[in-house]
Each structure stands twice: as structure tokens, then as C-alpha cells.
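Each chain, letter by letter, is given below.
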Amino acid sequence: MTRQAISLFTQRRTQYALGKNLPIAESDVDALIRQAIRLAPSSFNSQSSRAVILFGAAHERLWNITRETLRPLVPAENFASTDAKMDAFAAGAGTVLFYEDQDTIQELQQKYPLYADNFPVFSEHSAGMAQFAVWTALAEAGIGASLQHYAPLIDAEVARTWDVPASWKLRAQMPFGSNEKPIGEKTFIADEVRFKTVR
């Protein structure tokens, strides 16, 4: 069974060997990311997802902020691997910072009090779909990426550096760039463990 969507999903893989040689112009990458987030679904059409898109020096600065935030938290004897990881992310061409707007969530909680407890959960669903949409769109364009989670450790410094609104909550970081190495095969757990079909 071959379907276009499944083919695209298959292309979306984690790539850690990133470079700065994007196959399309930065402006086209920027437009692609924006369109993918616009088209990602959200509960009650809340459109709560937000993004800060970093290129060049700003992208590299993010990973230096992350490195220096982690330095006092990671034992010195173990920091070399963390340092190498930050270098690998910075070696890419850019990073997408994925946020969820808490003001939007609170407005929905007030408007629909019956679902108030659920809206933060719905927001996480929206965030995940926006991340998947961007990741798949980048992969289809021949751009490698991975999804990282350094929030909330870096939130305050990132917000200060790029004047991020206080209501935006950082959920994930996606470094991206050219694919500098082949991506390994993906393995899957057994269907019997993962799925149940009932008729």
C-alpha cells in the first residue's frame, strides 16, 4: 500500500549530522515553516501555536545559551558529550522554537469552562501536531532536523534575548540544516504490542 502521506511521513526522521548548506533559500524555509504551522490542526481552532525561527548567528547563539545554561548543571567530567551535542546542533542552518500561547488557552478556559481542565492538554496536542507538520515539511524539502527539549531551563534567557512575549510557553526546539550523513534505518516494535483492531 503506497500513499503520498505515508511516503512523506517515512521521510521524516531524526538527523543529528546537520550542516549549513540548505537546499532551498532561507526565505523559502521560513515560509515553509510558517505555512506548516498555519495548517496544523488545533482544538477549537485555537491556533495556539507560536514560533520563533532562528537563522545564522541567532541560531548559533541559541545553542551557546543552552550550552552555558547546562554547564553548571552537568558534572564537569561529563560535559564533553554535552558540549559536542551543542556543537552538532549549532552546525545546522537554523532552529525553530515552538511555543504555545497561554493567553489563548486561558481565553478558551473562560469561554468554555466545562472543558477548562482540558485546554492545557489540548494545547500539547496542538504543539505536537505543529512540530510534526514542520518536521515533515522540512524533510520533504530535503532538510534534516531533530526535536529537542531544553525547556524550561533556557526559557528566561531565550525570552530576554529575542523579546518573546511573556504568554508564550516554550515547548520544543528543532535544529535543522543540510543532511550531512545518511540517516540510519528506523526500527519498530511489534504490531501486536502497539495496536488492537476490533470489529
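Reading the values: rules and limits
- Numbering of residues starts from 1 in each chain and follows the order in which that chain's sequence is written.
- Per-residue local features are limited, in this predicted model, to residues with pLDDT of at least 70; the limit for side-chain atom pairs, both in listing and counting, is 80 or more; totals at the level of whole chains, interfaces and linings are taken over all residues.
- Each side-chain value is worked out from all heavy atoms of the structure, with water and hydrogens disregarded.
- Where helices and strands are cited, they refer to DSSP runs of H or I of at least four residues and of E of at least two residues respectively, numbered from the N terminus.
- Each radius of gyration reported is based on C-alpha atoms, and the globular scaling rule is 2.2 Å times the count of residues to the power 0.38.
- Burial here depends on accessible area, computed with a 1.4 Å probe over protein chains only, as a share of the maximum for the residue type. Under 20% is buried, over 50% is exposed, and the range in between is partly exposed.
- Every residue pair with non-hydrogen atoms within 4.5 Å of one another is taken to be in contact.
- Pairing of aromatic rings covers Phe, Tyr and the six-membered ring of Trp, with a centre-to-centre limit of 6.5 Å; geometry is then stacked below 30 degrees between planes, edge-to-face above 60, and tilted otherwise.
- One side-chain nitrogen of Lys or Arg within 4 Å of one carboxyl oxygen of Asp or Glu is enough to make a salt bridge.
- Residues enter patches when they are more than 30% accessible in relative terms and free of salt bridges; like-charged ones are connected within 9 Å and nonpolar ones (Val, Leu, Ile, Met, Phe, Trp, Tyr) within 5 Å.
- Accessibility throughout is a Shrake-Rupley quantity obtained with a 1.4 Å probe, and a residue counts as covered only by protein chains that appear here.

Asks: Tell me about the overall build of the protein chain, residues and numbers included.
Replies: On a plain count of helices and strands, the protein chain comes out with eight helices and five strands. When its helices and strands are written in sequence order, the protein chain yields α-β-α-β-α-α-β-α-α-β-α-β-α. Compactness check: the protein chain gives a C-alpha radius of gyration of 18 Å against a globular reference of 16 Å for 199 residues, within 12% of the reference. In terms of overall dimensions, the protein chain has a C-alpha envelope of 50 × 45 × 35 Å along the principal axes. Scored against the burial criterion, the 199 residues of the protein chain give a buried share of 39%. Partitioning the intrachain contacts of the protein chain with sequence separation of at least 6 by distance along the chain shows that 86% fall at a separation of at least 24.

Asks: Could you give an account of the environment of V164, with specific residues and numbers?
Replies: Tracing the backbone shows V164 in the loop between α7 (155-162) and β5 (168-179). A C-alpha to C-alpha distance of 30 Å links V164 and S81, two positions 83 residues apart in sequence. Apart from the residues within four sequence positions on either side, V164 is in contact with V52, Y99, V158 and A159.

Asks: Give a description of the packing of aromatic side chains that names residues and reports values.
Replies: One pair of aromatic rings is described through two measures. These are the centre distance and the angle between the planes. Applying the stated criterion to the full structure yields 10 aromatic pairs. Relative to W168, the ring of Y99 has its centre 5.6 Å away and its plane inclined at 55 degrees; by these criteria the two rings are tilted. Linking Y99 in strand β3 (residues 94-101) with W168 in strand β5, this pair joins segments that are 69 residues apart in sequence. Taking 5.6 Å as the distance between ring centres and 90 degrees as the angle between the ring planes, the aromatic pair formed by F119 and F122 counts as edge-to-face. Placement of both F119 and F122 in helix α6 (residues 119-140) is noted, with a separation of three residues, approximately one turn of the helix. F119 sits in the buried class, given a relative accessible area of 2%.

Asks: Lay out unusual backbone geometry with the relevant residues and their values.
Replies: Cis rather than trans, the peptide bond between A151 and P152 has omega equal to 5 degrees. Summarising the element assignment, P152 is placed in the loop between β4 (143-145) and α7. Its identity as a non-glycine residue notwithstanding, N45 has a phi of 50 degrees, on the positive side. Take N45: it is sitting in the loop between α2 (26-39) and β2 (49-55). Not every positive phi belongs to a glycine, and D163 is a case in point at roughly 50 degrees. Summarising the element assignment, D163 is placed in the loop between α7 and β5. Of the residues examined, D163 reaches a relative accessible area of 68% and is grouped as exposed.

Asks: Explain the pattern of salt bridges to me, using residue names and the numbers behind them.
Replies: By the definition in use, this model includes eight salt bridges. Of the charged contacts in the structure, one is a salt bridge between K20 and E60, with a shortest N-O distance of 3.0 Å. Separated by 40 residues along the polypeptide, K20 in the loop between β1 (18-19) and α2 and E60 in helix α3 (residues 56-70) bring together distant segments of the chain. Where E157 meets R160, a salt bridge forms, and the shortest distance between an N and an O atom there is 2.7 Å. Residue E157 and its partner R160 are both found in helix α7; the two are separated by three residues, about one turn of the helix. On the basis of relative accessible area, E157 is assigned to the partly exposed category, the value being 31%.

Asks: So, a nonpolar patch on the surface: which residues are in play, and what are the values?
Replies: On the surface, a cluster of nonpolar side chains totalling about 270 Å² of accessible area is made up of I6, F9 and F132. Within the secondary structure, I6 sits in helix α1 (residues 4-11). Its relative accessible area of 47% is what places I6 among the partly exposed residues.

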